Amino acid sequence: MSRPANPNAMQPERPGRTRTAPPQLPPKFPFSGRYRAYTLFDWTGLIYLLLGFLALRVVWALGSGEPAWNHVIRDFEHPLYIAFHVLSLASLIFAGVRFFRFFPKSQLPRVGPVKPPPQPVILAGLYAAWIGVTVVFSLVLTGVLFQ
Amino acid sequence: MSERPKKKFIVTRFDPDTDDVPRTQEYEIPVEKDWKVLDALNFIKDEVDGTLSHRWSCRMAVCGSCGMMVDGEPKLTCKEPLSSYGDTVEVAPLSNFPVIRDLVVELEGFMDKFKSVKPWIVRAKRLAVEEGPMRQSPEELEEFKQFSMCINCMLCYAACPVVANEPDFIGPAAIALGHRYSLDSRDEGAAERNEIFRGEGTVFSCSFANECSEVCPKHVDPAAAVNQAKFAAVIDWATGLVLPRGGER
Amino acid sequence: MIEVLRHDILIVGGGAAGLRAAIAVVETDPTLSVALVSKVYPMRSHTVSAEGGAAAVARVDDTFEMHGYDTVKGSDFLGDQDVIQYFVEEAPKELTLLEHWGCPWSRNEDGTVATRAFGGMSTKRTWYAADKVGFHMLHSLFQHSLQFDQIVRYDENFVTRLLVDDGAVRGVATLDIREGVVRVILGRAVIMATGGAGKIFPFTTNGTIKTGDGMALAYRSGVALKDMEFVQYHPTGLPGTGILITEATRGEGGHLKNSRGERFLVEYDYGVGNKAELGPRDMISRAITQEIEAGRGVEGSYGTFVYLDLRHLGEEKINKRLPMVRELAKIYAGVDPVSEPIPIRPVVHYMMGGIDTDITAGTSLPGLYAAGEVASASLNGANRLGSNSLTECLVFGAEAGRNAVVFAKGIGDGNQAALVAQGEEEAARVDALRGRQKGGEKLSHIRNEMTRSMESGCGVYREQASMDDTVRKMAELKGRYADIGLQDSSKVFNTELVAAMELGAMLDVAEAVAASAASRRESRGAHTRKDAPNRDDQNFLHHTLCHFDPTGPRIGRKEVTLGKWEPEERKY
């Protein structure tokens, strides 16, 4: 059978006058059916947390002189770090695609006199911006631009 | 006349006076090929077991009574063709709701949440009937029309992981209906509703699982409404800091 | 000791009429407390399934005179003209109020409310909300009503008896379906708004809740049921399920075709003239029945049908004006109307007859009012025009509410002890009915026999012998009903008990329909007899009254209120 949800889920303010059976979780939650993608999406938050610590480390190294910086860069050649970075990239793409899919419909039909562009245009714009920024960053970090 | 094929139904049963916890009961019945799941339940009740309790009425997917979990997914049983399912079908009451009896769930929790968003036209001054209908362009009608299609069937509440875990969350249908009124050009209550959306039942509990919209039989897209409501609530809060009475829509 | 609750006005039924009445009471006097008692949550009321529209004069080229005449003629001159006059004048106000309350009427480009053509209407006066007008009206009314704390809802409460003392109705006994407990609710006026009783027939657009509960309650309390023989067959329902395919499909230009692909309403003379598919419902239902009898119908697994062809309207128009029809046809008939014609046949849809009321929505029982399909004012006479009934719910729901307030202020409380004693009697009766294992009669079998007999005796075409058979059959079934066996003895949410009480109500209503039909020896409106095919104003220009009597229904008559329109031949 199912597992219990929060016992107060959908309970009325005034308790009903007969005894009710407690609310149950949707059977497919959290690892079956469509919930799997949602749960994974939620869990990519862990990745971002770790990336955040990593970013702090990189910034600290930036301010600690060239030897510290080179140390960090050498660390990044370790297979575990490479694996983590690949996983991060996959998570970001997964989360990004999911977020982009939902973002257009979350726009109000109108704010004051201003209407958003049609949803396909918003979607195209998001991808254009994402890809564009990625390309520019890559060109900068690989030294093609601003070297 | 040829024999009708048989299907097995595993149905959740619960009578608070005789059952500690819900149990299941199996029924094997002959079925017609164009039956919906509801037709099978009605056959069980009429011909096999008169003690089975379930809600239904219109049988054309517009009254919202017959929502249940069919093979683990929230469905309108009057709309679900039996042919989509295998030889054994599981029918259970909607998830996330307290269960009153068999397949009948407690709806008062929803009625409380629903009322809390003020789902009616809020106007400072009521129009006199002599003034005739208000004008509303087809474009203005389109802005909220989709969200007005909600039949209050509660499938979205049964699917939502946040409803399952955060009892205060107002929930998809109620937020969608509140938002429907805020978007209606004839309404002046957006500011009040935005405050409610930022309050205890906060719309920000929504983590965009989008399950509500996946299961909605009327294509209301409550996930769109809830997440639009987030923007509306923030814009309202921000303009409230700058302007004395909050922004006008 | 039975629990006794108290309110000022009691309303039974939470559909368009009941909700409108509740709002009217609060608007008339906000200090009063209203009990809204319904066997389902209000948003499940069958109002929700109405699709086409609600009529009211709206355009400059339209007048009350025209709407009135269309309605009188549509009623085959059996409608009461004072009622009709009042109705057409109030109609635009009511639909306007609903607009103020948020109803999303479909609009013209300039922002005004749009109107569409409808059967029997001489001009476009049907306000619509895509093809889900009942849904939008019901939800707008319900949501609007939520802001009034004076309206106390008793959801999933089945009223089992009217409590009468000293010649007036003073309360109800109601079964709380969830708890399985009978309670007494006392009030100073009761408004019945429980809808019709299509479920006495096997093929109907109606949902399972349409079992005539309110008609039976009034009937058993001595109030007459009026014009019960007039049962409207909606021309276009899906075969098998009976699901409604709105008249708006014809209003937007759909065609009815037989097995040869002919538009038979144009090809042959069925009295609808060049209105063709926009003729009144009774005539079109008869035409389809005759086409099928002439062998030009199409055979299917649920009997013979004809086609409703919308293909020529185009996908865009269908998606914009008839989106729900497209969905219904796909889900329940397996056809896409954009590329295939829809199979349809006449199905029972509406009861013109009901509790005998007048222009005040009052009945012969002081304190009892009735509005909507449950009532017969009579607005619709022998045949109702499409899109008049939703407006009727609003006009007479409001009128009932206002008049109930006036009555309530002038009356006392009645003898509390006597009323509570009646309630205790009801509680005992209901408790005895619950789960009574004895008897071999199965609920569903009695129900099926009832519907089959009603179909054969009170179908589109009737004759004396089969009507008399049905009258006898109903008496027999009532006897067998007393011996019914029920399996469910539980208290909490016992739906078998409710179904048993609904069957009791249906048998009462069915006997009234059959007896009334057998007594009217003419054809008028929806009551068509093969053995009396003409209208007989000389002998039958009157309403049929049916009174409850333990030895069998007692038939009487009531005068029609004529007015500026003299009965004439009904040709289109």
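Along each chain, numbering runs from 1 in the same order as the chain's sequence is written. Written order determines the labels here, with chains lettered from A and ligands numbered from 1. Under the rules for a predicted model, residues below a pLDDT of 70 receive no local features and side-chain atom pairs below 80 are neither given nor counted, while totals for whole chains, interfaces and linings still include all residues. Hydrogens and waters are ignored; side-chain quantities use all the structure's heavy atoms.

1. Some thoughts on the overall build of chain A
And then number 1: The helix count covers DSSP runs of H or I at least four residues long, the strand count covers runs of E at least two residues long, and both are numbered beginning at the N terminus. Helix and strand counts for chain A come out as four helices and zero strands.
And then number 2: Starting at the N terminus, the α and β elements of chain A follow one another as α-α-α-α.
And then number 3: At 23 Å, chain A has a C-alpha radius of gyration far larger than the 15 Å of a compact globule built from 147 residues.
And then number 4: Along the longest, intermediate and shortest principal axes, the C-alpha atoms of chain A span 75 × 45 × 30 Å.
And then number 5: Each residue is placed in one exposure class: buried if its accessible area under a 1.4 Å probe, protein chains only, is under 20% of its type's maximum, exposed if it is over 50%, and partly exposed if it falls in between. The buried share of chain A, reckoned over its 147 residues, is 27%.
And then number 6: In chain A, once contacts between residues fewer than 6 apart in sequence are set aside, the share between residues at least 24 apart is 40%.
And then number 7: Method for areas: the Shrake-Rupley scheme with a 1.4 Å probe, in which residue coverage is limited to the protein chains shown. As displayed, chain A has an accessible area near 10,000 Å², and 72% of this comes from carbon and sulfur atoms.
And then number 8: Neither His nor the chain ends is counted toward charge; the positive residues are Lys and Arg and the negative residues Asp and Glu. The atom standing in for a charge is NZ when the residue is Lys, CZ when it is Arg, CG when it is Asp and CD when it is Glu. Each charge class in chain A can be summarised by its mean position, and for the 14 positive and 5 negative side chains these summaries are 24 Å apart. Our radius of gyration is a C-alpha quantity, and the globule rule it is checked against amounts to 2.2 Å times the number of residues to the power 0.38. Pairs of residues are marked as contacts when any of their non-hydrogen atoms sit within 4.5 Å.

2. Things to note about the sheet that holds strand 8 (residues 157–165) of chain C
Residue and element names in this part refer to chain C.
And then number 1: Pairing is mixed across the open sheet formed by four strands, whose spatial order is 1-10-9-8. In this open sheet, the two edge strands, each paired with only one partner strand, are strand 1 (4–6) and strand 8. Adjacent strand axes in the sheet meet at a mean angle of 30 degrees when their direction is disregarded.
And then number 2: Between any two strands, at least two bridges found by DSSP are needed for them to pair. In terms of strand pairing, strand 9 (residues 168–176) meets strand 10 (residues 181–186) through six bridges, oriented antiparallel. Paired with valine 172 across the two strands is isoleucine 185, which belongs to strand 10.
And then number 3: With respect to the sheet, helix 12 (residues 416–433) is in contact with strand 1, strand 8, strand 9 and strand 10, its orientation differing from that of strand 8 by roughly 145 degrees.
And then number 4: Angles run from 0 to 180 degrees between N-to-C directions of axes, and those axes are lines fitted to C-alpha atoms, restricted for helices to the stretch in contact. Against the sheet, helix 15 (residues 495–519) contacts strand 8 and strand 9, and its axis sits at roughly 50 degrees relative to strand 8.

3. Section: the interface of chain A and chain B
And then number 1: Between chain A and chain B, the residue contacts involve 37 residues of the former and 50 residues of the latter.
And then number 2: Taking both sides of the interface into account, the surface hidden between chain A and chain B amounts to around 3,800 Å²; carbon and sulfur atoms contribute 59%.
And then number 3: Each salt bridge in this description consists of a side-chain nitrogen of Lys or Arg and a carboxyl oxygen of Asp or Glu lying within 4 Å of one another. Seen at the junction of chain A and chain B, the total is seven salt bridges.
And then number 4: Between lysine 28 of chain A and glutamate 73 of chain B there is a salt bridge; the shortest N-O distance is 3.1 Å.
And then number 5: Counting only elements with at least two residues in the side of chain A that touches chain B, the list comes to helix 1 (35–62) and helix 3 (79–102) of chain A. Each of two parts loses accessible area, computed with a 1.4 Å probe, when they are put together; buried area is these two losses added.

4. Regarding helix 1 of chain A
And then number 1: For helix 1 of chain A, which comprises 28 residues, the first-to-last C-alpha distance of 41 Å matches the rise-based estimate of 40 Å (1.5 Å per residue) to within 8%.
And then number 2: Along helix 1 of chain A, the positions that sit buried rather than exposed are Tyr35, Tyr38, Thr39, Phe41, Thr44, Ile47, Leu54, Val58 and Ala61 of chain A.
And then number 3: In this fold, the buried residues of helix 1 of chain A make contact with helix 2 (66–75) and helix 3 of chain A together with helix 4 (155–159), helix 5 (161–165) and helix 8 (211–215) of chain B. What a helix should span is 1.5 Å times the count of its residues minus one.

5. Section: the interface of chain B and chain C
And then number 1: Each side of the interface is counted separately: chain B has 68 residues, and chain C has 69 residues.
And then number 2: Taking both sides of the interface into account, the surface hidden between chain B and chain C amounts to around 5,500 Å²; carbon and sulfur atoms contribute 52%.
And then number 3: Taken together, chain B and chain C are joined by eight salt bridges.
And then number 4: Its salt-bridge partner being aspartate 149 of chain C, residue lysine 115 of chain B comes within 3.4 Å of it at the nearest N-O pair.
And then number 5: Those elements that place two or more of their residues in the side of chain B that touches chain C are helix 1 (37–48), strand 6 (99–101), helix 2 (108–116), helix 3 (138–145) and helix 6 (172–183) of chain B.
And then number 6: Broken down by element, the side of chain B that touches chain C gets its largest block of residues, five residues, from helix 3 of chain B.
And then number 7: Three classes are used: nonpolar for Ala, Val, Leu, Ile, Met, Phe, Trp, Tyr, Cys and Pro, charged for Asp, Glu, Lys and Arg, and polar for all others, with Gly counted as polar. Grouping the amino acids of the side of chain B that touches chain C by side-chain chemistry returns 32 nonpolar, 13 polar and 23 charged.

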